[in-house]
Each structure stands twice: as C-alpha cells, then as structure tokens.
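Here are the chains, one letter per residue:
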Amino acid sequence: MYKSKIIGLGKYVPDHIVTNDDLTKYMDTNDQWIRERTGIEERRWAQPGDGNTSATMGVKAAKIALERAKLTPKDIDFIVFATLSPDYYFPGSGVQVQELLGCDTIGALDVRNQCSGFVYALATADQFIKTGMYKNILVIGSELQSTGIDLSTRGRGVGVIFGDGAGAVVLTRSDDDSEIMSNHLHSEGKHAKELTVLAPGGPNPPKKLVEDWDPEDLSYYPYMNGNFVFKHAVTRFPEAIMEGLKAHNLTPADIDILIPHQANLRISQFVQRKLKMRDDQIMNNIQKYGNTTAASIPIALTEAWEQGRIKKGDLVVTAAFGSGFTWGSNIIRF
Ligand code: ACO
C-alpha cells in the first residue's frame, strides 16, 4: 500500500467584494445581524462578463497548485472535482478542467457532497494513490453560488452566507513521512431536505421551470433549516475530529492547525471551545469569503499555508458538515 501527500496548494476568489452593507440593496438585512450570527464581513461574487464559473475558477486555483507542486497538467493522472454548483446540469465540471488545463484524456470525477465535498474528494483521491492506481491527482473544490441564491428578503437566511471561489491541491505518492493518515466519512440521508435545492431534479425537471414558471416556486433556490442544521453541525464537527484523532491515539492538543469548513464562525468557535483548542490552532477566514461550500476547506488550507501557519511535519486536520447531511474529516501529516 502506498501513501499520499499534498505537494501543492492554490486558491482563487473573484475580485469583486460584496460587503454586508451591499446586501441591504437587495434585502432587509444589516451588517450587525450578519456579523453577530455568522461572523461574515464580506464575500466575493463573480460578476457578469468576468468569465468566472465553478470550472474556470477551479482551473485558476489548480494552475497555482500545479506551479507550487512543480508539475504540469501532463503530469496529472486523475481529477476529482467537488462542487454543488457545476457549470452544467451534466456533465460534471471535472471534464472541463481536463480540457481547459490541457491534461491528457485522464479520468475526471465529480463529487456532489456539498460542504463536505472537499473532505470526500480528498479521501477519494487518497484511495487511488494508496492502491497504486494513480500517482498525481488534482483535487479541486469550487463554487459559483452567487448566481443561484434568492436575493430577496425571503431568502436572506441563506443569501447572506454564500460566497464564490475555488481551492485546489495536488496529491502525490509520498516517499517520506508526509501523508494523508486517514479519512472519516459519514452521512444521514433522513435529513436531506433540511438543506437542499430540490430542483432541477427528476420530479422537478427544467422543463417545468420553463413551461410552468412560478415566481413563488422556491424549489429552485437553496433551502436551509438554519437552526436545525446548526445544532447538528456543532455535534458532528467535534465527532468527526475526535474519531480521526482517536484512530491515531492523538488528542486535540496534538493538532497544529484545524481547517474547519467555513460554515459559520459561531460553529467554529463552538468546536474550538468544546475541544479546548487555542486560537492559533484553528483557521477562520469566513469573515472575508463567506461560506464557499466545497471550496472553503481548500481556500482556508491554502491561505493558512500562505500565511506560514502550516509547516512540514505539522498535524493538519480538516472537518466538514453540511447538506446530506454529510460530514467527515481528513487527518493529515503535512
Ligand atoms: N438579516 C436579518 N435578519 C435575518 C436574516 C438576515 N440575513 N436572516 C434571518 N433573519 C431573522 C429571521 O427572520 C429571524 O427573525 P424572527 O426571530 O423575527 O423570526 C431571526 O433573524 C433569527 O433567525 P434564525 O434563522 O433563527 O437565525 P440563526 O441564529 O439560526 O442564524 C444561520 C441563521 C446563520 C443560517 C444559522 O442558523 C446557521 O449558520 N446555521 C448553520 C449553517 C450551516 O452550517 N450550514 C451547513 C453548510 S451549508 C451547505 O452545506 C450547503
């Protein structure tokens, strides 16, 4: 059995900044509510004509990750792309990355696990390297969410949270002590409708949207039972982290940096308190980018690395919880 390690990290966010005050143009909200309930101060939104989509932002992040890994697109054996906002209903965005980057006709897989998407994608890539099937894999999390949210007061519980952006890592076969030590993945589908976009889907096909368009039909917008999701998140995050640590006889004190999915600053602060971790052991950047779903962990991981907060040999733990419900963690010796 081989081991895998991260050798390149990259991130990309659109230039356009949307502050909390900017949102008051669309809906009845205010800076104080958003900061107090979520910690978010601003987010990035793609703008018409700037060319940013989940696929193209993923490519921009991937190019940086490849350069830092000192590899070219031709060195990549496989692509795993996590998103809830693909450019097309089908095919997935991984194939667009294969084309836009100029990779050989390698396999490309899309992961549809929303906020847990990157944790699942990294775990998936790790398995392909462990078995020896592939050597270099590009793992991307990318989201264009701003075009799909209800910007009216009706949708404000969700609309203020989401941001756009992408993060990417290059995973390769490890020949030293750096490795993805383990992955811990979970789901509980009975709560699928507590955080969902119901349409388009089999029972709600795009045809219905065109032929029977009803402006009051909310099934094409994200729905979130915020309090319910919050309560589950604050239980599942610590569970996933502790499950991973216990597998290696480690404790929260051993973590050099925790990279939680940036869902809500209050959730991350709750997890930090519960696990009795210091401020320097946890990465928070939701203040600047909002919740970028599958992109949030690779963006935060890259930013922590760029800030010098991750060094070789560090114990880095990722954890996510979100729609599905799905949740999980990756335990990484960097
Ligand atoms: N601005 C002003 N007021 C608002 C806004 C807003 N943007 N949104 C809601 N309110 C109002 C509500 O209408 C409500 O008013 P009322 O008391 O008069 O009825 C009041 O604020 C409180 O609303 P709650 O929904 O109870 O607010 P809460 O404290 O739960 O915060 C939030 C909402 C931020 C969404 C929180 O529940 C949360 O973060 N939940 C978890 C999010 C999460 O982890 N998601 C998973 C990842 S996302 C994914 O997987 C795709």
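These numbers were taken from a predicted model, which means no experiment stands behind them.

A. Structural detail: the pattern of salt bridges. One pass over the full model with this rule turns up 21 salt bridges. A salt bridge links Asp176 to Lys5; the shortest N-O distance between them is 3.1 Å. One end of the pair, Asp176, is in the loop between β7 (165-173) and β8 (179-187); the other, Lys5, is in strand β1 (residues 4-12), and 171 residues separate them in sequence. Using a relative accessible area of 24% as the deciding quantity, one classes Asp176 as partly exposed. Close ionic contact of Lys288 with Glu303 constitutes a salt bridge, the shortest N to O distance being 2.9 Å. Linking Lys288 in helix α10 (residues 286-289) with Glu303 in helix α11 (residues 296-306), this pair joins segments that are 15 residues apart in sequence. We classify Lys288 as partly exposed; its relative accessible area is 35%. Overall, Glu303 belongs to the buried group, its relative accessible area being 5%. One network of salt bridges, with partners in common, ties together Lys11, Arg68, Lys288, Glu303 and Glu306.

B. Layout of the site of the ligand. In the neighbourhood of the ligand, 26 residues make up the surrounding shell, with Thr29, Arg37, Cys115, Asn227 and Asn264 lying closest. Within the contact set of the ligand, an oxygen atom lies 3.1 Å away from a side-chain nitrogen or oxygen of Arg156. Interatomic distance of 3.1 Å between a backbone N/O atom of Gly226 and a nitrogen atom of the ligand. With the chains in place, 75% of the 1000 Å² that the ligand exposes on its own is no longer accessible. Contributions of two or more residues to the shell around the ligand are made by α2 (31-38), α6 (156-159), α8 (226-246), α9 (265-274) and β12 (315-322). For the shell around the ligand, the element with the most residues is α8, which contributes four residues. Of the residues assigned to the shell around the ligand, the class counts are 13 nonpolar, 10 polar and three charged. Residue contributions to the shell around the ligand reach at least three from each of two domains, namely domain 1 (4-175) and domain 2 (180-333).

C. The arrangement of the sheet that holds β7 in detail. Here we have five strands laid out as an open sheet, ordered β1-β7-β6-β4-β5, and mixed in their pairing. Two strands close off the open sheet at either side, each with one partner strand: β1 and β5 (107-111). Strand-to-strand, the axes of this sheet are offset by a mean angle of 20°, without reference to chain direction. Of the pairings in the sheet, the one linking β1 to β7 comprises eight bridges and is antiparallel in character. In the sheet register, Ser4 faces β7, and the bridge partner there is Arg173. Those strands touched by helix α3 (residues 54-69) are β1, β4 (78-82), β6 (136-143) and β7, and its axis lies near 130° from that of β1. Across the sheet, helix α5 (residues 117-130) lies against β1, β4, β5, β6 and β7, angled at about 170° from β6, the strand it touches most.

D. Here's a closer look at the domain arrangement of the protein chain. Each assigned domain of the protein chain is listed with its residue range as follows: domain 1 (4-175) and domain 2 (180-333). Here domain 1 and domain 2 have C-alpha centroids that lie 14 Å from each other. In this complex, domain 1 contributes 53 residues to the contact, which on the side of domain 2 involves 51 residues. Across the interface of domain 1 and domain 2, roughly 4000 Å² is buried in total on both sides, 63% from carbon and sulfur atoms. A per-residue breakdown of the area domain 1 buries against domain 2 is headed by Lys11, Cys115 and Val119, which together make up 16% of the total. Taken together, domain 1 and domain 2 are joined by four salt bridges. The residue Glu306 makes a salt bridge to Arg68 at a minimum N-O spacing of 3.1 Å. At the boundary of domain 1 with domain 2, the tally comes to 19 residue pairs in polar contact (both at pLDDT 80 or more). Mapped onto the side of domain 1 that touches domain 2, the elements with two or more residues apiece are β1, α2, β3 (42-44), α5, β6, α6 and β7.

Analysis parameters
- Every chain begins its residue count from 1, and numbering advances along the sequence as written.
- The model is predicted, so local features are restricted to residues of pLDDT at least 70 and side-chain atom pairs to those at 80 or more, both for listing and for counting; the totals for chains, interfaces and linings are taken over all residues.
- Hydrogens and water are ignored here; the side-chain numbers use all heavy atoms of the structure.
- Whenever Lys or Arg places a side-chain nitrogen within 4 Å of a carboxyl oxygen from Asp or Glu, that contact is recorded as a salt bridge.
- Secondary structure follows DSSP: runs of H or I at least 4 residues long count as helices, runs of E at least 2 residues long count as strands, and numbering of each begins at the N terminus.
- When accessible area is computed with a 1.4 Å probe and restricted to protein chains, residues below 20% of their type maximum are described as buried, those above 50% as exposed, and intermediate ones as partly exposed.
- Summary of the distance rule: residues count as near a molecule or strand when at least one heavy atom falls within 4 Å of that molecule or strand.
- Any N or O atom pair separated by 3.5 Å or less is treated as a polar contact, with the protein-specific requirement of one donor-capable and one acceptor-capable atom, and with residues adjacent in sequence counted only for side-chain atom pairs.
- To measure how exposed things are, a 1.4 Å probe is used in the Shrake-Rupley method; for residues, cover is taken only from the protein chains shown.
- Three residue categories are used. Nonpolar comprises Ala, Val, Leu, Ile, Met, Phe, Trp, Tyr, Cys and Pro, charged comprises Asp, Glu, Lys and Arg, and polar comprises the others, including Gly.
- These domain limits were set by an automatic method or by a database of domain assignments.
- Any two strands are treated as partners once DSSP identifies two or more bridges connecting them.
- Axes here mean lines fitted to C-alpha atoms, for a helix over just the part in contact, with angles spanning 0 to 180 degrees between N-to-C directions.
- Between two residues, a contact is recorded if the distance between any of their heavy atoms is within 4.5 Å.
- As a working definition, buried area equals the accessible area (1.4 Å probe) given up by two parts on being put together, with both sides summed.

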